[in-house]
Amino acid sequence: MRAESLHLDSEPSLTINSDQVIAALLPNHYWIKPWVIRVSEGLTQTVADFLLEIEEILGVKPDISFFHITEENTDRYDDFAIYQRRLSIFVDAKQSFAARDRAVLYVAQRAIERSERVCRLCGGELEIKDSADDNDCLLFPFLTEVVQKKMMGYRSKLSVCVSCATSDYLEKKALNLTNASATDVIFAVESIEVDDFNGVDFDDDNDDDDDDDDDDEYYK
Ligand SMILES: [Zn+2]
């Protein structure tokens, strides 16, 4: 049984601290040990809630023939989708009962929907922000990056983790300032050298207003 919403992105997403997720879940759900759960750290609680629901339906030691949970990108064309991942859940009980299978499918789909509402980095709740809204742009400066990219077909509304997006924005800004300062120093040094050269050149021309021989002398 595959409980996964359809979409076109087949690229595997880069999970973050997947081993720590397993380490956090294993003590309370030891039956997951043989199976793959590869999701980012922020989705730990979402998966933990799903495991509890599975145990309510299939028992505390679920008799399953297959269990596999990964995550996928929700929008690979949007840089801000970095905070959002959608769970892919595959689960099969050894014995199939129609009503029970439907119950498993139901809780799996609910877990997928929950995963789209939390930040995959910190687990915080994602919020909808609109880069076309002046008030939003004023309150959340990271939206200015979206405004710049709108010309390239980016949509104005996005699901974003305000906390992570703000710290990412400030970090990037600090880095740009550092780089800009270094560039300013280089330009300043180059500017001094050019001015010096021009100064000598002009002086030379003014002092010796005669023929080309002096210029040749200067360049030797
Ligand atoms: Zn976050």
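The coordinates are above.
Residues numbered from 1 in each chain as written. Predicted model: local features only at pLDDT ≥ 70, side-chain atom pairs only at ≥ 80, totals over all residues. Heavy atoms only, no water.

1. Overview of the coordination of the zinc ion
Reference values for angles at a metal are 109.5 degrees in the four-donor tetrahedral case and 90 or 180 degrees in the six-donor octahedral case. The cut-off we apply is this: Donor criterion used throughout: N, O or S atom within 2.8 Å of the metal, extended to 3.2 Å for Na, K and Ca. Water excluded; incomplete-looking sites may result. Site shape is set this way: if four donors have all angles between 85 and 135 degrees, tetrahedral; if opposite donors are over 155 degrees apart and all others between 65 and 115, square planar for four donors and octahedral for six; otherwise irregular.
Protein coordination of the zinc ion is provided by C119 (SG), C122 (SG), C161 (SG) and C164 (SG), with donor distances spanning 2.3 to 2.4 Å. Of note is the zinc ion, whose four donor atoms meet at the metal with angles of 106 to 113° in an arrangement that counts as tetrahedral. One chain supplies every donor to the zinc ion, and in sequence these donors are spaced C-x2-C-x38-C-x2-C.

2. Some words on the pattern of salt bridges
For clarity, the threshold we go by: Whenever a carboxyl oxygen of Asp or Glu lies within 4 Å of a side-chain nitrogen of Lys or Arg, that contact is scored as a salt bridge. Strands are runs of DSSP state E lasting at least 2 residues, helices are runs of H or I lasting at least 4, and numbering of each runs from the N terminus. Each residue gets one of three labels from its accessible area relative to the maximum for its type: buried under 20%, exposed over 50%, partly exposed in between, using a 1.4 Å probe on protein chains only.
Evaluation of the coordinates by the stated rule reveals seven salt bridges. The shortest N-O distance in the salt bridge between R110 and E53 comes to 2.5 Å. One end of the pair, R110, is in helix α3 (residues 98–115); the other, E53, is in helix α2 (residues 44–58), and 57 residues separate them in sequence. Note on R110: relative accessible area 31%, which makes it partly exposed. Salt-bridge contacts for R114 lead to E53; the nearest nitrogen and oxygen are separated by 3.4 Å. Separated by 61 residues along the polypeptide, R114 in helix α3 and E53 in helix α2 bring together distant segments of the chain. Neither residue differs from the other here; R114 and E53 are each classed as buried. One continuous salt-bridge network, built from bridges that share partners, spans E53, R110 and R114.

3. Overview of the packing of aromatic side chains
What counts here: To pair, rings of Phe, Tyr and Trp, with the six-membered ring standing in for Trp, must have centres within 6.5 Å; the planes then decide the type, stacked if under 30 degrees apart, edge-to-face if over 60, and tilted in the middle.
Summed over the entire model, instances satisfying the criterion amount to four aromatic pairs. The interplanar angle of 75° and the centroid separation of 6.2 Å between the aromatic rings of W35 and F66 together place this pair among those described as edge-to-face. Placement of W35 in the loop between α1 (18–25) and β2 (36–38) and of F66 in strand β3 (residues 64–73) is noted, with a sequence separation of 31 residues between them. Considering the side-chain rings of F50 and F67, the 6.3 Å spacing of their centres and the 15° angle between planes classify their relative orientation as stacked. With a gap of 17 residues between them, F50 in helix α2 and F67 in strand β3 connect regions that are remote in the sequence. Each of the two residues, F50 as well as F67, counts as buried.

4. Notes on the packing of α2 against α3
Going by this rule: The axes are straight lines fitted to the C-alpha atoms, using for helices just the contacting stretch, and the angles between their N-to-C directions are given from 0 to 180°. Each angle is binned into one of four classes, with values under 35 degrees roughly parallel, values over 145 roughly antiparallel, values of 65 to 115 roughly perpendicular, and all other values oblique. Note on contacts: a residue pair qualifies if any of its non-hydrogen atoms lie within 4.5 Å across the two residues. Note on residue categories: nonpolar means Ala, Val, Leu, Ile, Met, Phe, Trp, Tyr, Cys or Pro, charged means Asp, Glu, Lys or Arg, and polar means any other residue, Gly included.
Running from N to C, α2 and α3 cross one another at 170°; their axes reach a closest spacing of 10 Å. When the axes of α2 and α3 are compared, the pair comes out roughly antiparallel. Contact residues: α2 offers T46, D49, F50, E53, I54, I57 and L58, while α3 offers R100, A103, V104, V107, A108, R110, A111, R114 and S115. Partitioned by chemical class, the residues of the contact of α2 with α3 number nine nonpolar, two polar and five charged.

5. Some points on the nonpolar core
Applied cut-off: What makes a nonpolar core is a set of buried Ala, Val, Leu, Ile, Met, Phe, Trp, Tyr and Cys residues whose side-chain atoms join them at distances within 4.5 Å.
If you look at the biggest cluster of nonpolar residues, it comprises 27 residues, and the most contacted ones within it are F50, F67, I69, L87 and I89. Of all the secondary-structure elements, those providing two or more residues to this core are α1, α2, β3, β4 (85–93) and α3. With six residues, α2 is the largest single contributor of residues to this core. The next biggest cluster of nonpolar side chains, apart from the first, holds 14 residues, and it includes C137, L143, V162 and Y169.

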